[in-house]
Amino acid sequence: MANLILPLTYGMNMIEYEKGVQGISLQLHITAECDQRCKHCYMFNSEHYKSQIKNALSKQEWIKLIDEYFEFLSEYQSSGLIALTGGDPILSPYFWDILNHIKINYSMRCTVLVLGNSYHITKEVAKKMKSLGVYGYQISIDGLKETHDYMRKEGSFDDAMRALEILHTEGIRTITAFTVSKLNGKEIIPLFEYLQKLSFIDAFGFDRMIPTGNGKKIKDEIFTGKEFRQLLFDILKYEVFSNPNIILSKKEGMWKVLLYELGLIDPIDTSEKKSFITGCNCGTGTTSVLADGTVFPCRKLEIPAGKYPEKNFKELFINNKVTKLFRAHKSYKGCFRCEANIVCKGCPSMKYAVTGDFFGYDPYCWRCSNE
């Protein structure tokens, strides 16, 4: 059975699995402009949306922030990953300038990933991104054609397939991301089967829908803990027996708990509990910067840690009360007492969106929920 676990890549995304990236990632929402109005989008109907449109950072401010990030990586001898997103990052007037700056100055020190839509992907755009060092491009696919178009935009499924094929042909790794709720959960396995039949998909993964922004309107569509465990188990069973030819990312945090319970994660010495370094790394191993400079530990956890350039990157990442709270491991209530805390501490974004307390119980955790 141990051999079957090697391709499962628990707790990792495709980039970490293929390149061994383990460091500090920076997600830059370089624009709030977007061609879609997705039903679960965390950006629209957020209190921060208008500010992102009206008070967007300048090109010089984005460049300075990136320089400070790399100074930080050097100081702490860490590897880096920059994800450019939005909105749709290609709609930013600074998209190409930012890529060019990273390419010229930091190409050997950082992996660059783009999270965007499909509508502005052409052969020429893909070639240019490849020449500027873009490693992977992620496009969301939220179900089979009818469901996906319902969740995002009519015609978007077909256009996503068009763009993914172009990107793959030009040598950019193609990643498909699924935002799961009860509205589309039954289509994860059918979609995974569909994607495997294509020749231009490199990885597939999913995250839970967080009821913030537009997602507040479909808050009732989140799973119970037991329902989510069954969904993960069904996907795991399918993966083991189908031996897929594309990577199934295990970025979703509750994978770790399921695999831990099944004995499919190597035992970890109990002394590791003291450090509590595993589980979600928002605010400790990753951070997000909005188009107006607002910094969140995670984009879906709308608790600002401060604003750039009012404070520099190091201050925003380390020396502020929000990220310091994430390191107060004994404050994680039930998670701290749970045996599985050596691999998990729940999803702070989901906790905060549903209960208002990111130290509380994760509604998706079958070990601590009151079902």
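Residues numbered from 1 in each chain as written. Predicted model: local features only at pLDDT ≥ 70, side-chain atom pairs only at ≥ 80, totals over all residues. Heavy atoms only, no water.

Comments concerning the overall build of the protein
And step 1. In terms of helices and strands, the protein carries 15 helices and 10 strands.
And step 2. The buried share among the 371 residues of the protein stands at 55%.
And step 3. Partitioning the contacts of the protein with sequence separation of at least 6, the portion at a separation of at least 24 is 75%.
And step 4. Carbon and sulfur atoms form 50% of the exposed surface of the protein, whose accessible area is close to 16,400 Å². (Helix = DSSP H or I, 4+ residues; strand = E, 2+ residues; numbered from the N terminus. Buried < 20%, exposed > 50% of the residue type's maximum accessible area, 1.4 Å probe, protein only. Contact = heavy atoms within 4.5 Å. Areas by Shrake-Rupley, 256 points an atom, 1.4 Å probe, with all protein chains shown as cover.)

Here's the deal with the sheet that holds strand β3 (residues 110-115)
And step 1. Taken together, 10 strands build an open sheet; the order of strands is β7-β6-β5-β4-β3-β2-β1-β8-β9-β10 and the sheet is mixed. Since the sheet does not close on itself, it has two edges, and those belong to β7 (247-248) and β10 (306-307), each with one partner.
And step 2. Pairing of strand β5 (residues 173-180) with strand β6 (residues 203-208) involves six bridges; the strand directions are parallel. Bridged to Val180 within β6 is Arg208. (Pairing = 2+ DSSP bridges.)

Topic: the confidence of the model for the protein
And step 1. Residue-level pLDDT values for the protein average 86, and 89% of them are 70 or greater.
And step 2. Scored below 50 in pLDDT, residues 1-21 shows 52 contacts in the model against residues more than four places distant or in partner chains.
And step 3. Low pLDDT (under 50) marks residues 269-277, which in the prediction has 12 contacts with non-local residues, meaning those over four places away or in another chain. (pLDDT = per-residue confidence, 0-100.)

So, helix α5 (residues 95-106)
And step 1. Taking 1.5 Å of rise per residue, the 12 residues of α5 would be expected to cover 16 Å, and the 16 Å separating its terminal C-alpha atoms lies within 8% of that figure.
And step 2. For α5, the full list of buried residues reads Phe95, Ile98, Leu99, His101, Ile102 and Tyr106. For α5, the arc enclosing every buried residue in end-on projection is 160°, short of the 170-degree limit, so these residues lie on one face.
And step 3. Looking at the buried side of α5, the elements it contacts are α4 (59-75), β2 (80-85), β3, α6 (123-131) and β4 (134-140). (Expected span 1.5 Å × (residues − 1). Arc of directions from axis to C-beta.)

A word on the pattern of salt bridges
Side chains that differ in sign of charge can pair as their charged atoms come close.
And step 1. This model, assessed by the stated rule, comprises 16 salt bridges.
And step 2. As a salt-bridge pair, Glu170 and Lys127 come within 3.1 Å of each other at their nearest N and O atoms. Placement of Glu170 in the loop between α8 (156-169) and β5 and of Lys127 in helix α6 is noted, with a sequence separation of 43 residues between them.
And step 3. Here Glu170 falls in the buried class, since its relative accessible area comes to 16%.
And step 4. For Asp202, the salt bridge goes to Arg173, with nearest N and O atoms at 3.1 Å. Highlighted residues: Asp202 in the loop between α9 (188-196) and β6 and Arg173 in strand β5, separated in sequence by 29 residues.
And step 5. Here Asp202 falls in the buried class, since its relative accessible area comes to 11%.
And step 6. Within the structure, one salt-bridge network assembled from shared partners comprises Arg208, Glu252 and Asp362. (Salt bridge = Lys/Arg side-chain N within 4 Å of Asp/Glu carboxyl O.)

Notes on the environment of Asn341
And step 1. Within the secondary structure, Asn341 sits in the loop between α14 (333-337) and α15 (348-355).
And step 2. In this structure Asn341 comes out as buried when scored by relative accessible area, which is 3%.
And step 3. Each C-alpha atom, one on Asn341 and one on Lys256, is 9.9 Å from the other, the two residues being 85 residues apart in sequence.

A word on the nonpolar core
And step 1. Counting residues in hydrophobic clusters, the biggest one holds 97 residues, and the most contacted among them are Leu28, Ile82, Met129, Tyr137, Phe204, Phe206 and Phe228.
And step 2. Tallying contributions element by element places α4 first for this core, with eight residues.
And step 3. With sequence-adjacent residues up to four places away left out, Ile82 is seen in contact with Leu26, Leu28, Ile66, Tyr69, Phe70, Ile102, Cys110, Thr111, Val112 and Leu113.
And step 4. Listed in part, the seven residues of the second largest apolar core include Ala83, Leu115, Ile175 and Ile247. (Core = buried A, V, L, I, M, F, W, Y, C linked by side-chain atoms within 4.5 Å.)

Description of the packing of helix α10 (residues 225-242) against helix α11 (residues 254-261)
In a packed pair of helices, the relevant descriptors are the angle between the two axes and the axis-to-axis distance.
And step 1. Their axes nearest at 10 Å, the elements α10 and α11 cross at an angle of 70°. Here α11 runs roughly perpendicular to α10, going by the angle between their axes. Between α10, through Phe228, Arg229, Leu232, Phe233, Ile235 and Leu236, and α11, the contact on the second element is made entirely by Met254, Trp255, Leu258, Leu259 and Glu261. (Axes fitted to C-alpha atoms, helices over the stretch in contact; angles between N-to-C directions. Parallel < 35°, antiparallel > 145°, perpendicular 65-115°, else oblique.)

As for the side chain of Asn320
And step 1. Its location among the elements puts Asn320 in the loop between α12 (313-317) and α13 (321-326).
And step 2. Residue Asn320 is classed as buried on the basis of its relative accessible area, which comes to 6%.
And step 3. Of the polar contacts made by the side chain of Asn320, one reaches the backbone nitrogen of Val322; its length is 3.0 Å.
And step 4. If near-sequence neighbours (up to four positions away) are discounted, Asn320 is found in contact with Ala305 and Glu315. (Polar contact = N/O pair within 3.5 Å; in protein donor to acceptor, adjacent residues only side chain to side chain.)

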